[in-house]
Amino acid sequence: MLLTGPSIPPADGGKAKKLVVILHGLGANGNDLIGIGHLWGRSMPNAAFLAYDAPDPMEGIPMGRQWFDLYERDPARMIELLRNAARGLFASLDAELARLGLEDDDLAITGFSQGAMLALFAGLRRPNAPAALVGFSGALLVPEALVMDITVRPPVLLIHGEDDGVVPPKASRDAAETMRDCGVTVHAHIQPGLDHTIDQQGIDIAASFLQHGFAEADRKRAERLAKAV
């Protein structure tokens, strides 16, 4: 079954030329983060924004969802859960890109906390690279598997609060090191005084990064087309 969730059409009122997907954190849902799309839409008026709801309910939290069981401690079982979540995300992304008439390099995948964990895991294993990945307050789960599984190397931005008491900022530092070892270009921003949340500065930094990622993807596409002529 394909994922669904709240969406925002392009601010310019035209056809979507870019798609930014936002993956929420543990126990939340797409409504918690879709508002970021309104803020990002100011600088990316031709982009549509989509905040999927995770497929699994979160026990004890009405309307809360989860992408996978974050409390699984067996690495083999965890990577199985992650791959299953990635398959569901891939099917939904492919369907949405086809519906909009867009390509993979018109896509950016972003996420917060558990959503960032899935964005990093899935985004580095897509058949074709998205324009950019952004992870807020996340981590690279089962990092030892990346060197064997990585298929694409889109630019990655990691943003993390220095005072995060839920997912320590070391998680983003370690993720950046592992991804760089695998040939990924990673930009990491550790925000002093910030806890487990997304602030306006992080939103603005991500907006600039996404703009640059889409522009670079467009430039590379134009080069490919010119060579093909």
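Look a little higher up for the structure.
Asks: Any chance you could break down the overall build of the protein chain for me, citing the residues and the numbers?
Replies: Secondary structure assignment for the protein chain yields 6 helices and 9 strands. Against the 2.2 N^0.38 benchmark of 17 Å for 229 residues, the protein chain shows a C-alpha radius of gyration of 17 Å, consistent with a compact globule. Overall, the C-alpha framework of the protein chain stretches about 50 × 40 × 40 Å when taken along its three principal axes. With 229 residues in all, the protein chain has 53% of them scored as buried. In the protein chain, 74% of the contacts between residues at least 6 apart in sequence involve partners at least 24 apart. Put simply, the protein chain has 21 plus and 29 minus side-chain charges, and the middle of one group is 7 Å from the middle of the other.

Asks: Could you give an account of the nonpolar core, with specific residues and numbers?
Replies: Core analysis: the largest hydrophobic core is formed by 49 residues, its most contacted members being L19, L23, Y52, V156 and M179. Of the residues forming this core, the biggest block, 11 residues, is contributed by helix α2 (residues 75–100).

Asks: Go over helix α6 (residues 200–228), please, and point to the residues and values.
Replies: Between the first and last C-alpha of α6 there are 42 Å, a value that for 29 residues agrees with the 42 Å anticipated at 1.5 Å per step. Residues G202, I203, A206, A207, F209, L210, G213, F214 and A217 constitute the buried set of α6. Contacts from the buried residues of α6 go to β2 (18–23), α1 (35–40), β6 (107–112), β7 (132–136), β8 (156–161) and β9 (186–191).

Asks: Could you give an account of the packing of aromatic side chains, naming the residues involved and the relevant values?
Replies: Tallying each qualifying case throughout the model produces 2 aromatic pairs. Ring plane angle 40° and centroid distance 6.5 Å describe the contact between W40 and F49, whose orientation is recorded as tilted. Seen from their ring centres, W40 and F136 are 6.5 Å apart, and the 20° between their planes marks the pair as stacked. One end of the pair, W40, is in helix α1; the other, F136, is in strand β7, with 96 residues separating them in the sequence.

Asks: For unusual backbone geometry, give the residues involved together with the corresponding values.
Replies: Positioned with a positive phi, S113 is a non-glycine residue whose angle comes to about 60°. Counting through the fold element by element, S113 comes out in the loop between β6 and α3 (114–123). Residue S113 is classed as buried on the basis of its relative accessible area of 8%. Although it is not a glycine, V142 adopts a positive phi angle of roughly 45°. Summarising the element assignment, V142 is placed in the loop between β7 and α4 (146–149).

Asks: Which residues make up the layout of surface pockets, and what are the values?
Replies: Roughly 410 Å³ of volume is contained in the largest pocket. Forming the boundary of the largest pocket are 16 residues, of which A131, P154, P155, E216 and K220 lie nearest the centre. The element best represented in the lining of the largest pocket is α6, accounting for 7 residues. Across the lining of the largest pocket, the residue classes break down as 7 nonpolar, 4 polar and 5 charged. Estimates place the volume of the second largest pocket at around 290 Å³. Taken together, 15 residues make up the lining of the second largest pocket; nearest its centre are M117, A139, L141, V167 and A171. By residue number, the principal contributor to the lining of the second largest pocket is helix α5 (residues 170–181), which donates 4 residues. For the lining of the second largest pocket, a count of residues per class yields 12 nonpolar, 2 polar and 1 charged.

Asks: Give me the lowdown on the pattern of salt bridges, citing residues and values where you can.
Replies: One pass over the full model with this rule turns up 15 salt bridges. The shortest N-O distance in the salt bridge between R77 and E80 comes to 3.1 Å. In this pair, R77 and E80 are both assigned in helix α2, 3 residues apart and thus about one turn of the helix distant. On the accessibility criterion, E80 (46% relative accessible area) is partly exposed. Between D174 and K170 there is a salt bridge, and its shortest N-O distance comes to 2.6 Å. Pair noted here: D174 and K170 are both in helix α5, with a separation of 4 residues, about one helical turn. Taking the relative accessible area as the measure of exposure, D174 reaches 33% and is therefore partly exposed. Overlapping salt bridges bring together K18, D105, D106, D218, R221 and R224 as one network.

Here is what the cut-offs are and how they apply
Residues numbered from 1 in each chain as written. Predicted model: local features only at pLDDT ≥ 70, side-chain atom pairs only at ≥ 80, totals over all residues. Heavy atoms only, no water. Helix = DSSP H or I, 4+ residues; strand = E, 2+ residues; numbered from the N terminus. Rg over C-alpha atoms; globule rule 2.2 N^0.38 Å. Buried < 20%, exposed > 50% of the residue type's maximum accessible area, 1.4 Å probe, protein only. Contact = heavy atoms within 4.5 Å. Lys, Arg positive; Asp, Glu negative; His and termini not counted. Charge placed at Lys NZ, Arg CZ, Asp CG, Glu CD. Core = buried A, V, L, I, M, F, W, Y, C linked by side-chain atoms within 4.5 Å. Expected span 1.5 Å × (residues − 1). Phe/Tyr/Trp six-rings, centres within 6.5 Å; stacked < 30°, edge-to-face > 60°. 1 Å grid on protein atoms, 1.4 Å probe; cavity = no way out; pocket = protein on both sides within 12 Å on 5 of 7 lines; lining within 4 Å. Points joined across faces, edges and corners; volume = space filled by probe spheres on them. Nonpolar A, V, L, I, M, F, W, Y, C, P; charged D, E, K, R; others polar. Salt bridge = Lys/Arg side-chain N within 4 Å of Asp/Glu carboxyl O.

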